[in-house]
Amino acid sequence: MTPAQVVAALKAAGETVATAESLTAGLVTATLTEVPGASAVVRGGLVVYATDLKASLAGVDPALLAAHGAVNAEVAAQLAAGARARCGADIGVGLTGVAGPDPQDGVAPGTVHIALVSARGERRELIEVVGGREEVRSAAVAGVLALIGVDLGTLSE
């Protein structure tokens, strides 16, 4: 989905979205807010690039971070739940991954975990991208836009 389609779908559903972004550092929120009228549906976003901020700002369990590192599916899900709760949104989105060029905590560059939490439940997706930082971050944004569409029922899984 395009950012404009996501904003339109959120408006049609009467729902709002918030993000907790690590590797994308606010790119999802910036992409959505390029669309005129996005203020009606975008509540806000947390940029939690540093691991300790994932816990202190987004509410990710520090024990999970200590045991498994910042790049895994459960961290993405907790980021999504934290964004939803802290920003008072209907939909929370969380992203964590490795944009590269070097591995992080033994995780290869191009590995991205995205998650979404809403009243309809939780969705998780692993994206593996071959390419540089720009390609990885762009693929992460596209993945989130599609995941929002699936959650709202405007795209099939």
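As shown above, the structure is provided for reference.
What this report covers is the structure whose coordinates are included nearby. Values in this document were obtained by computation on a predicted structure and should not be read as measured data.

Another aspect to go through is the nonpolar core. Membership of the largest hydrophobic core comes to 29 residues, with the highest contact counts inside it found for L10, V17, L32, V93, L95 and I148. Counting residues per element, the ones that place at least two in this core are α1 (3-13), α2 (27-32), β3 (91-97), β4 (111-118) and α6 (133-152). Here this core takes 8 residues from α6, the largest share from any one element. Core analysis: the next-biggest nonpolar cluster, separate from the first, contains 14 residues, A18, V60, A70 and A89 among them.

What follows covers the environment of A20. Looking at the secondary structure, you find A20 in strand β1 (residues 17-21). Taking the C-alpha atoms as reference, A20 lies 4.9 Å from G94; in sequence the two are 74 residues apart. Apart from the residues lying within four places of it in its own chain, the contact partners of A20 are L46, V48, A58, L79, A83, V93, G94 and L95.

Where α1 contacts α6, the two axes come as close as 10 Å, and the packing angle between them is 25°. By the angle class used here, α1 and α6 are roughly parallel. Helix-helix and strand crossings are classified by hand; for α1 and α6 the assignment is left-handed. In contact with P3, V6, A9, L10 and A13 of α1, α6 contributes L145, I148 and L152. The class makeup of the residues in the contact of α1 with α6 is 8 nonpolar, no polar and no charged.

With that settled, consider the pattern of salt bridges. Overall, the coordinates contain 5 salt bridges when judged by the stated rule. A salt bridge links R123 to D151; the nearest nitrogen and oxygen atoms lie 3.5 Å apart. Here R123, found in strand β5 (residues 121-128), pairs with D151, found in helix α6; they are 28 residues apart in sequence, far enough to count as distant. On the basis of relative accessible area, D151 is assigned to the buried category, the value being 3%. Each of E15, R120, R123 and D151 takes part in one network of salt bridges that share partners.

Now for unusual backbone geometry. In this model, G100 is joined to P101 through a cis peptide bond whose omega is 15°. Of note, A25 is a non-glycine position whose phi angle comes to about 45°, a positive value. By the secondary structure assignment, A25 is in the loop between β1 and α2. Residue A25 is classed as partly exposed on the basis of its relative accessible area, which comes to 38%.

Reading the values: the criteria
- Residues numbered from 1 in each chain as written.
- Predicted model: local features only at pLDDT ≥ 70, side-chain atom pairs only at ≥ 80, totals over all residues.
- Heavy atoms only, no water.
- Core = buried A, V, L, I, M, F, W, Y, C linked by side-chain atoms within 4.5 Å.
- Buried < 20%, exposed > 50% of the residue type's maximum accessible area, 1.4 Å probe, protein only.
- Helix = DSSP H or I, 4+ residues; strand = E, 2+ residues; numbered from the N terminus.
- Contact = heavy atoms within 4.5 Å.
- Axes fitted to C-alpha atoms, helices over the stretch in contact; angles between N-to-C directions.
- Parallel < 35°, antiparallel > 145°, perpendicular 65-115°, else oblique.
- Left-handed = near helix turned anticlockwise from the far one by under 90°.
- Nonpolar A, V, L, I, M, F, W, Y, C, P; charged D, E, K, R; others polar.
- Salt bridge = Lys/Arg side-chain N within 4 Å of Asp/Glu carboxyl O.

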